[in-house]
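Each chain, letter by letter, is given below.
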Protein chains: 2
Amino acid sequence: MAAADLFAAVGYEATSMASVARGAGVTTTTIYWYFEDKETLLVAVLDHLLQETLAGLGDRDDESPVDLLMWVVDRLTEQRRLVSTVHALAGRSPTVAVWHDAFHELTDAMLAEGLRQEGVPEPLVPATTRLGVFAIEGLVMHPLSRAEQRAVLELLSTVR
Amino acid sequence: MAAADLFAAVGYEATSMASVARGAGVTTTTIYWYFEDKETLLVAVLDHLLQETLAGLGDRDDESPVDLLMWVVDRLTEQRRLVSTVHALAGRSPTVAVWHDAFHELTDAMLAEGLRQEGVPEPLVPATTRLGVFAIEGLVMHPLSRAEQRAVLELLSTVR
DNA sequence: ACCTGAACACCGTTCAAGT
DNA sequence: ACCTGAACACCGTTCAAGT
């Protein structure tokens with residue numbers, strides 16, 4: 001998809017439907033035959049990126065929990081522009097809100113399962129999961145050195 | 001300011017300069033005599049809201065730390081739309097990025113000071129501050145019940 | 001089924017002109 | 001110093017028409 005490259009390069013808002021069309025070698029109107037609107041196009045790109053990331057995650061079941069989280073933070077940081085775009089759009093676009101909710105349902109469940117296997121007592125799992133998700137999102141959105149990032153994740157892993 | 005009400009009501013992106021002008025009883029062009037562009041107008045609104053919130057915070061130095069954080073989360077949640085707008089714009093607008101950085105410098109310092117007075121050991125203060133900021137932002141951006149919000153903040157206050 | 005050209009309503013911003 | 005009307009370049013989207 002040409003849209004994915006453009007979204008990554010200049011961001012969703014700065015990407016015009018005209019430039020997507022140009023990249024795909026068609027006319028602007030053609031895109032509307034495949035996608036209902038620009039937000040639906042975004043969701044298609046998001047699904048594609050998510051599938052890639054999940055595949056990459058499958059190859060690293062062996063690493064330590066903190067290393068695993070660091071890897072996830074790195075992948076999301078590469079798409080930082082899209083992450084904040086999704087947050088902003090979810091507040092006013094039902095299309096994007098649906099995707100965002102499904103995304104969190106999936107990722108929250110994955111993190112919760114990981115915490116259980118790390119021995120976090122069951123009653124603490126929900127709140128710890130949320131704090132973990134918030135920490136990951138925070139690390140993605142605010143640039144810190146790797147040492148600072150590690151410090152936050154290590155601190156998080158002492159919670160219980 | 002008419003812009004503040006409109007931003008709160010329908011959001012920054014959905015607020016046209018024409019509607020701001022209408023609300024202020026002037027012409028669109030007039031706004032550009034007072035503000036360089038739409039983003040500068042946003043920053044003026046943000047400054048205004050921040051000043052209000054800081055004043056309100058001064059009246060509650062007595063409450064417990066968790067209550068204080070809950071209050072901050074409530075105020076930010078009221079402006080949730082603007083919060084995600086700022087995050088999204090900070091990535092592509094130097095004007096908004098400057099404000100965002102200054103905002104975090106201020107709020108991070110305030111939280112760090114609070115943590116010290118709660119007895120958090122000095123070497124843990126930076127990472128704990130970051131985790132606290134991330135938790136607040138997460139609570140603002142993801143709707144949870146008050147009980148769930150409290151659980152996250154209580155969990156956070158066990159960290160050290 | 002797939003793609004286009006032309007148009008629509010709107011946007012932020014500018015500029016020359018007025019008082 | 002303050003405000004305006006008219007214009008500019010652009011935007012996402014639609015629609016009737018073509019193959």
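Here goes a summary of the coordinates provided. Since we're looking at a predicted model, the values are computed, not measured.

## Side note on the overall build of chain A
In step 1: The secondary structure content of chain A amounts to nine helices and zero strands.
In step 2: Overall, the C-alpha framework of chain A stretches about 55 × 30 × 30 Å when taken along its three principal axes.
In step 3: As displayed, chain A offers around 8,200 Å² of accessible surface, 58% of which is attributable to carbon and sulfur atoms.
In step 4: For chain A, the distance from the average site of its 12 positive side-chain charges to the average site of its 23 negative ones is 6 Å.

## A word on the protein's contact with DNA strand D
In step 1: Surrounding DNA strand D, one finds 14 residues, the nearest of these being A:Thr29, B:Thr29, B:Thr30, B:Trp33 and B:Tyr34.
In step 2: At the protein interface, 67% of the atoms of DNA strand D within 4 Å belong to sugar or phosphate.
In step 3: The separation between a phosphate oxygen of DNA strand D and a polar side-chain atom of A:Tyr32 is 2.8 Å.
In step 4: Within the contact set of DNA strand D, a phosphate oxygen lies 2.3 Å away from a side-chain nitrogen or oxygen of B:Thr30.
In step 5: Elements that contribute at least two residues to the surface near DNA strand D include exactly α3 (28–34) of chain A together with α3 (28–34) of chain B.
In step 6: It is α3(B) that contributes the most residues to the surface near DNA strand D, four residues altogether.
In step 7: Residues belonging to the surface near DNA strand D are distributed by class as follows: five nonpolar, seven polar and two charged.

## Some thoughts on the protein's contact with DNA strand C
In step 1: Not every one of the 14 residues close to DNA strand C is listed here, only the nearest: A:Thr29, A:Thr30, A:Trp33, A:Tyr34 and B:Thr29.
In step 2: Within 4 Å of the protein, the atoms of DNA strand C are drawn from sugar and phosphate moieties in a proportion of 65%.
In step 3: In the environment of DNA strand C, a phosphate oxygen lies 2.7 Å from a nitrogen or oxygen atom belonging to the side chain of B:Tyr32.
In step 4: Take the surface near DNA strand C: its biggest share by element is four residues, from α3(A).
In step 5: Taken together, the residues that form the surface near DNA strand C break down as five nonpolar, seven polar and two charged.

## Describing the packing of helix α7 (residues 94–117) of chain A against helix α8 (residues 125–141) of chain A
Residue and element names in this part refer to chain A.
In step 1: With their axes 9 Å apart at the nearest point, α7 and α8 run at an angle of 115 degrees to one another. Once α7 is placed against α8, the crossing between them reads as right-handed. Counting all contacts with α7, which are made through His 104, Asp 108, Leu 111, Ala 112, Leu 115 and Arg 116, the residues of α8 involved are Val 125, Thr 128, Thr 129, Gly 132, Val 133 and Glu 137.
In step 2: Classifying every residue of the contact of α7 with α8 by side-chain character gives five nonpolar, four polar and three charged.

## Notes on the relation of the copies chain B and chain A
One copy of the chain maps onto the other through a rotation about an axis followed by a shift along the same axis.
In step 1: Aligned on chain A, chain B shows an RMSD of 0.0 Å; the corresponding rotation is 180 degrees and the shift along the axis is 0.0 Å. As the rotation angle and translation indicate, the two copies are arranged about a two-fold axis.
In step 2: With an isologous cut-off of 70% or more, the 100% of interface residues of chain B that recur at the interface of chain A puts this contact in the isologous class.

## Regarding the nonpolar core
In step 1: Judged by nonpolar contacts, the single largest core of 47 residues is most densely connected at A:Leu131, B:Leu131 and B:Leu153.
In step 2: Of all the secondary-structure elements, those providing two or more residues to this core are α5 (65–78), α7, α8 and α9 (146–157) of chain A together with α5 (65–78), α7 (94–117), α8 (125–141) and α9 (146–157) of chain B.
In step 3: Core analysis: the second largest hydrophobic core is formed by 24 residues, B:Ala3, B:Leu50, B:Leu89 and B:Ala90 among them.

## Description of the pattern of salt bridges
In step 1: Tallied over the full model, the rule gives 16 salt bridges over all chains.
In step 2: Salt-bridge contacts for A:Arg146 lead to A:Asp74; the nearest nitrogen and oxygen are separated by 3.1 Å. With A:Arg146 in helix α9 and A:Asp74 in helix α5, this residue pair connects regions lying 72 residues apart in the sequence.
In step 3: A salt bridge links B:Glu148 to A:Arg130; its shortest N-O distance comes to 3.2 Å.

## Some words on the packing of aromatic side chains
In step 1: This model, assessed by the stated rule, comprises six aromatic pairs over all chains.
In step 2: Summarising the aromatic geometry, the rings of B:Trp99 and B:Phe103 are spaced 5.1 Å apart at their centres and angled 15 degrees between planes, so their arrangement reads as stacked. One end of the pair, B:Trp99, and the other, B:Phe103, are both in helix α7, four residues apart, so they sit about a helical turn from each other.
In step 3: The ring centre of A:Tyr12 lies 4.4 Å from the NZ or CZ of A:Lys38, which sits over that ring.

## Focus on the side chain of B:Ser93
Residue and element names in this part refer to chain B.
In step 1: Of note, Ser 93 is situated in the loop between α6 (80–90) and α7.
In step 2: A relative accessible area of 1% means that Ser 93 is categorised as buried.
In step 3: Polar contacts involving the side chain of Ser 93 include one to the side chain of Glu 39, which spans 2.8 Å.

Reading the values: the criteria
Residues numbered from 1 in each chain as written. Chains lettered and ligands numbered in written order. Predicted model: local features only at pLDDT ≥ 70, side-chain atom pairs only at ≥ 80, totals over all residues. Heavy atoms only, no water. Helix = DSSP H or I, 4+ residues; strand = E, 2+ residues; numbered from the N terminus. Areas by Shrake-Rupley, 256 points an atom, 1.4 Å probe, with all protein chains shown as cover. Lys, Arg positive; Asp, Glu negative; His and termini not counted. Charge placed at Lys NZ, Arg CZ, Asp CG, Glu CD. Near = heavy atom within 4 Å. Polar contact = N/O pair within 3.5 Å; in protein donor to acceptor, adjacent residues only side chain to side chain. Nonpolar A, V, L, I, M, F, W, Y, C, P; charged D, E, K, R; others polar. Axes fitted to C-alpha atoms, helices over the stretch in contact; angles between N-to-C directions. Left-handed = near helix turned anticlockwise from the far one by under 90°. Contact = heavy atoms within 4.5 Å. Least-squares fit on C-alpha atoms with pLDDT ≥ 70 in both. Core = buried A, V, L, I, M, F, W, Y, C linked by side-chain atoms within 4.5 Å. Buried < 20%, exposed > 50% of the residue type's maximum accessible area, 1.4 Å probe, protein only. Salt bridge = Lys/Arg side-chain N within 4 Å of Asp/Glu carboxyl O. Phe/Tyr/Trp six-rings, centres within 6.5 Å; stacked < 30°, edge-to-face > 60°. Lys NZ or Arg CZ within 6 Å of the ring centre and 35° of its normal.

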